[in-house]
Amino acid sequence: TEEEKRRRFHEDSLKLCRQNPGEIQAALYVDAETAPAKLGISDTFLDAVQQGHVRVCQPFQDLDGSEVVFEDGSRESFDVILCATGYHLELSYFNDVILEKLEYDRNVLPLPVVLYEDVFCPHFPNLAFIGLERIVPFGTLELESRWAAMVFSGEVSLPSFDDMQQEMEARRQYRTMTPRPQYFKNDRVHSADR
């Protein structure tokens with residue numbers, strides 16, 4: 001059943017970590033039965049937590065200067081406060097016709113829009129989106145920017161409308177997967193050869 005597939009996915013994901021992160025710090029506990037089907041992968045995060053360089057805290061209700069007020073009323077001062085809460089792409093400056101052609105759904109992460117190579121919409125070849133992936137290395141931003149500039153200057157051409165739509169079909173399928181892998185896999189080297 002779908003429920004069994006989801007449970008197996010969670011269990012397999014936790015096996016990749018070699019242990020439940022909650023064994024390192026309680027705030028990182030992952031319940032294999034109820035956790036969302038996402039897994040953040042880092043080579044150093046859990047080690048940094050284990051060594052005391054990073055502390056994961058429970059939810060807070062207020063900030064007072066450098067002091068955090070936690071939900072239980074306790075307070076603590078910090079040098080750095082990093083709120084890694086993610087974001088939802090907001091494109092309210094586009095009208096509904098444009099949003100429909102972009103296949104925009106702000107709740108589908110990490111692909112809230114369906115674009116050719118995550119940059120171009122076949123309906124709007126004079127519009128490029130740079131850096132829309134959830135995690136975008138600076139090198140990728142540079143490649144996407146250069147590619148867009150080359151297209152806009154006429155130095156390179158985009159494929160035909162139909163060819164772009166065909167490439168985008170994999171992204172449409174990814175958006176409907178359950179469970180969905182955390183990242184849509186892109187071949188940036190291939191994209192850079194354009």
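All of these numbers come straight from a predicted model, not from anything done at the bench. (Residues numbered from 1 in each chain as written. Predicted model: local features only at pLDDT ≥ 70, side-chain atom pairs only at ≥ 80, totals over all residues. Heavy atoms only, no water.)

**Q** Would you mind going over the overall build of the chain with me for this structure?
**A** From N to C terminus, the chain includes six helices and five strands. Mapped from its N terminus to its C terminus, the chain presents α and β elements in the order α-α-β-β-β-α-β-β-α-α-α. In the chain, which comprises 194 residues, the proportion classed as buried is 31%. Considering only intrachain contacts with a sequence separation of at least 6, the fraction spanning at least 24 residues in the chain is 47%. Accessible area of the chain: about 12,900 Å², with a carbon and sulfur share of 52%. (Helix = DSSP H or I, 4+ residues; strand = E, 2+ residues; numbered from the N terminus. Buried < 20%, exposed > 50% of the residue type's maximum accessible area, 1.4 Å probe, protein only. Contact = heavy atoms within 4.5 Å. Areas by Shrake-Rupley, 256 points an atom, 1.4 Å probe, with all protein chains shown as cover.)

**Q** Just checking my understanding: could you explain the packing of aromatic side chains for this structure?
**A** Here a ring pair, both rings aromatic, is described through the centre-centre distance and the interplanar angle of the planes. In this structure the tally under the stated criterion is six aromatic pairs. The interplanar angle of 75° and the centroid separation of 6.5 Å between the aromatic rings of F70 and F78 together place this pair among those described as edge-to-face. On the basis of relative accessible area, F70 is assigned to the buried category, the value being 9%. Arranged with centres 4.8 Å apart and planes meeting at 55°, the rings of Y93 and F94 form a pair that is tilted. The class of F94 is buried, set by a relative accessible area of 17%. (Phe/Tyr/Trp six-rings, centres within 6.5 Å; stacked < 30°, edge-to-face > 60°.)

**Q** Please clarify how the sheet that holds strand β3 (residues 75-77) should be interpreted in this entry.
**A** Whether parallel or antiparallel, the strands of a sheet pair through hydrogen bonds between backbone atoms. Spatial ordering of the open sheet is given by β1-β2-β3, a layout of three strands whose pairing is antiparallel. Among the strands making up the open sheet, the edge pair consists of β1 (60-64) and β3. Direction aside, the axes of adjacent strands within the sheet are offset by 25° on average. Here strand β2 (residues 67-70) pairs with β3 via three bridges, running antiparallel. Along β3, the bridge assignment pairs V69 with R75. (Pairing = 2+ DSSP bridges. Axes fitted to C-alpha atoms, helices over the stretch in contact; angles between N-to-C directions.)

**Q** Quick question: what am I supposed to make of the confidence of the model for the chain here?
**A** Close reading of the predicted structure is inappropriate where its pLDDT is low. Of the residues in the chain, 68% have a pLDDT of 70 or more, and the chain-wide mean is 77. Averaged pLDDT values for the elements of the chain fall to 53 in helix α6 (residues 188-192) and rise to 94 in strand β4 (residues 120-121). (pLDDT = per-residue confidence, 0-100.)

**Q** What is the right way to read the nonpolar core from this model?
**A** Among the nonpolar cores identified, the biggest contains twelve residues, and these are L89, L91, F94, I98, L99, L102, V113, L115, C121, F124, F129 and L132. Ranked by size, the runner-up nonpolar core spans eleven residues in total, among them V114, Y116, W147 and M164. (Core = buried A, V, L, I, M, F, W, Y, C linked by side-chain atoms within 4.5 Å.)

**Q** Can you walk me through the pairing of β1 in this structure?
**A** Two faces make up the sheet, and in a regular strand the side chains alternate between them. The pairing of β1 with β2 spans four bridges and is antiparallel. Across the sheet, L63 pairs through a bridge with V68, a residue of β2. Here β1 folds back onto β2 in antiparallel fashion, the turn holding two residues, of which G65 has a positive phi close to 65°.

**Q** Quick question: what am I supposed to make of the side chain of R171 here?
**A** Relative to the assigned elements, R171 resides in helix α5 (residues 161-176). Within the local environment of R171, its side chain forms a polar contact with the backbone oxygen of L115, the two atoms lying 3.3 Å apart. Side chain to side chain, R171 and D118 meet in a polar contact 3.0 Å long. (Polar contact = N/O pair within 3.5 Å; in protein donor to acceptor, adjacent residues only side chain to side chain.)

**Q** Is there a simple way to think about α5 in this case?
**A** Because each turn of an α-helix spans 3.6 residues, side chains separated by three or four positions end up pointing in the same direction. End to end, α5 covers 23 Å across 16 residues, agreeing with the expected 22 Å (1.5 Å per residue, within 8%). Bending of α5 peaks at approximately 30° at the position of M168. For α5, every residue scored as buried is listed here: M164, Q165, M168, R171, R172, Y174 and R175. (Expected span 1.5 Å × (residues − 1). Bend = angle between axes of the 7 residues up to and from the residue.)

**Q** Could you clarify how one ought to interpret the pattern of salt bridges in this entry?
**A** Side chains bearing opposite charge may pair, as long as their charged atoms lie close to each other. A full pass over the atoms with the stated rule returns seven salt bridges. As a salt-bridge pair, R75 and E67 come within 2.8 Å of each other at their nearest N and O atoms. Judged by its relative accessible area of 47%, R75 falls in the partly exposed class. E67 gets classed as partly exposed once you look at its relative accessible area, which sits at 24%. The shortest N-O distance in the salt bridge between E90 and R106 comes to 3.6 Å. Remark: R106 occurs in the loop between α3 (96-101) and β4 and E90 occurs in the loop between β3 and α3; sequence separation between them is 16 residues. The exposure class of R106 is partly exposed, given its relative accessible area of 33%. Among the ionic contacts, a cluster of salt bridges with common partners joins E103, E169 and R172. (Salt bridge = Lys/Arg side-chain N within 4 Å of Asp/Glu carboxyl O.)

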